[in-house]
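One-letter residues, chain by chain:
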Amino acid sequence: MSVSAAIETFVNNIDASAAAYLDSCVHCGQCAQACHFYETTGDVRYTPVWKLEPMRRVYKRHKAPLSGIKKMFGLVPDEVDEDMLKEWEELIYDSCTLCGRCTIVCPMGIDIAGLVRKSREAMVAAGLVPEGLNAAAKRVLEIGRPLGIKPEIMAKIVGEQAEEVGIPIELNKVGVDYMIILSAMEVLNFYEVIGALARIFKQAGVTWTISTEAYEATNVGIQMGDKEIARTLVQRIVDAAEKLQVKYVVSPECGHAYSALNWEGPNLVGKNYDFEVIHILELLDQLVREGRIKTKSELDQRRVTFHDPCQIVRRGGIVDEPRNLLHMVSDNFIEMENYGVANICCGGGGGVSSNSRAEELRIKSFGAKKKQLDAVGPEALVTACGNCRNVLEEAIDEFGMDLPVLGLTELVAEYLDD
Amino acid sequence: MTFLEITEGPLWVLASSVFVLGALWRIIGIIRFGRKPDISIPRASALMGAIKGQFLHFVPHGGFSFRTRYHLVAGYMFHLGLFALLIYAAPHVLFLKENVVGFDWVTMPRWGFILSAEIAFAGLILLWIRRISDPVMIQISDADDHIASWLTFLAMLTGCLALDESHDSLRALHMLSVEIWLIYFPFSRLMHAVTFVFSRGYTGAFFGRRGVVP
């Protein structure tokens, strides 16, 4: 473990916004009230701003304006050491999903999730990353895929889906409008979404393809805080899209993938793309508005509610689109309390679901989501993130609840009038 | 030179200089760290987000009002009471006219001073009680938080003692406590009084680009 590398990364990661955040915190503790890990455990160590303590110490000791004068009088915090980094590794990776709900409650508007992300980069520099994320990163670098699904397997899955819905799907087709990428969880567990997309796009007259060189949007580099891996994975998608000369790359039902490709991607690869990134929910909503998707007149009668994936809604800005789509297919759509930008995380975002060490805490933290769900008593829960869906299904089982979890794209396809 | 003359003369110049120069040094220092330009394509205006962010965080939103009520009420009691005293207390207006700005403005009556002081004291004491009793705040608080609270408390207390201007030493004591507070300000978390604008602005801009300001 390299403590000095971690300190150096902390120092390099502190820009004007990080400094303003660290200098604004008045230690009011309100962020704890927004954190599902604190809410469900009562453990004060899970107070979001406490997770930034190593970064705050490094800033106050090494970089803060006037820290030189304070250092002369011994008034700066102690140096971050090995024990501290080891302790904080758990806080930074296991008890933070980067959901960013704490920012809403913060009177100073501090983007704590953003600073946790930066702190993870220091942990990577130190060599302190949970085994689950390390293993995923290893698979990405060695096999090229985080869950190890090779191109030939992917081609087989696509072929089976094409056969099931009776619509041919051409892989690696040059010159189409849209290139679809999927979350690793969709490829592994929810591959029916491929058939659903084929049906929707056929009705809408959309030309599309899937590249066998870049079909997974999951970006473990973003989750663990390794910029180089994150850049490599974004570049892989950029290269494939440019090779196929598509106009759009469709970001899938995956929270951090949208953030990785649309918001962080251009900054990681250092240029704007030759194509546009559109989220699948934006695309479906647009197709509906253009009258290119028609649904049955008989709508879903179940009492359904929507779980907002944090990185798509709160930190992605796609708030209305999923609701427009749900109103289109459901006759009984009900919102949870604090829906939309204030919604509670599933508990497994930000790489927490890939971190087996965090499993018990993740399941426990679902208690906050359960409260939200119990208040509206839905018969089905819809979401738009493969990872959320998987995490929710697991937690729902653990809590002995009887609640199916549906993907929004698949639900729209189910009610297509074709 | 009397104690009062020292606190209203050279010590005042020293303290106010440290306050202004120190705060400026710190603000310029933060800005000079810079930020890499974000080249992703914005969905909406970052500037509008930054402006909206300034106002949004005045009240916790998104369903936290019950959980954060104590802090919200105590925080506003303290800050509003303190600002009312700072800006409208007759001795302050006179002092600022003679030593800083050269003009005066409307002042609050004595009952207004008493009421503002009571509200500010109540707010500050409630916040400090929470700091020493709430497990979360105990965990995250450090010496700076307590020193800042106590220096503010002392400045307010000596200000009340000096209200009747019955004795020069009470006025000098108030000046001294304010001067210690001013010198402490740029080195401490009291700087949040300025840096909150940047913090809210950066976050507002981040979300503004994404077309949402939560």
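Remember, predicted model here, so these are calculated numbers, not experimental data.

The rules behind the values
Residues numbered from 1 in each chain as written. Chains lettered and ligands numbered in written order. Predicted model: local features only at pLDDT ≥ 70, side-chain atom pairs only at ≥ 80, totals over all residues. Pairing = 2+ DSSP bridges. Helix = DSSP H or I, 4+ residues; strand = E, 2+ residues; numbered from the N terminus. Axes fitted to C-alpha atoms, helices over the stretch in contact; angles between N-to-C directions. Contact = placed C-beta atoms within 7 Å. Domains from an automatic or database assignment. Parallel < 35°, antiparallel > 145°, perpendicular 65-115°, else oblique. Left-handed = near helix turned anticlockwise from the far one by under 90°. Nonpolar A, V, L, I, M, F, W, Y, C, P; charged D, E, K, R; others polar.

### Brief notes about the sheet that holds strand E4 (residues 276-279) of chain A
Residue and element names in this part refer to chain A.
And then number 1: One open sheet holds the four strands; their spatial order is E2-E1-E3-E4, and the pairing between them is parallel. Of all strands in the sheet, those with a lone pairing partner are strand E2 (208-210) and E4, marking the two edges. This sheet shows a mean twist of 30° between the axes of neighbouring strands, independent of strand direction.
And then number 2: Strand direction decides the pairing type here: strand E3 (residues 248-251) and E4, joined by four bridges, are parallel. The residue of E4 that forms the bridge with serine 251 is histidine 279.
And then number 3: Relative to E3, helix H15 (residues 255-269) is tilted by about 155°, and along the sheet it contacts E3 and E4.

### Thoughts on the domain arrangement of chain A
Residues and elements named next belong to chain A.
And then number 1: Here chain A is partitioned into domain 1 (3-128), domain 2 (139-289) and domain 3 (304-414).
And then number 2: A C-alpha centroid distance of 22 Å is found between domain 2 and domain 3.
And then number 3: In this assembly, 26 residues from domain 2 lie in contact with 29 residues from domain 3.
And then number 4: The set of elements that each furnish at least two residues to the side of domain 2 that touches domain 3 consists of helix H11 (184-188), helix H12 (192-204), helix H13 (220-224), H15 and helix H16 (280-289).

### What about the packing of helix H3 (residues 46-56) of chain B against helix H10 (residues 192-209) of chain B?
Residues and elements named next belong to chain B.
And then number 1: Between H3 and H10, whose axes approach to 6 Å, the crossing angle comes to 135°. Classed by the angle they form, the pair H3 and H10 counts as oblique. Where H3 crosses over H10, the handedness of that crossing is right-handed. Contacts between H3 and H10 pair Ala46, Met48, Gly49, Ala50, Ile51, Lys52, Gly53 and Gln54 from the former with Val197, Arg200, Gly201, Thr203, Gly204, Ala205, Phe207, Gly208 and Arg209 from the latter.
And then number 2: Among the residues making up the contact of H3 with H10, the classes are represented as seven nonpolar, seven polar and three charged.

### Quick notes on the interface of chain A and chain B
Interface size, as often reported, equals the accessible area lost upon joining of the parts.
And then number 1: Contacts between the two partners involve 47 residues from chain A and, on the opposite side, 50 residues from chain B.
And then number 2: Within the residue set of the side of chain A that touches chain B, elements represented by two or more residues are helix H2 (16-24), helix H7 (101-105) and H15 of chain A.
And then number 3: At seven residues, H2 of chain A tops the list of elements feeding residues into the side of chain A that touches chain B.
And then number 4: By residue class, the composition of the side of chain A that touches chain B is 25 nonpolar, 15 polar and seven charged.

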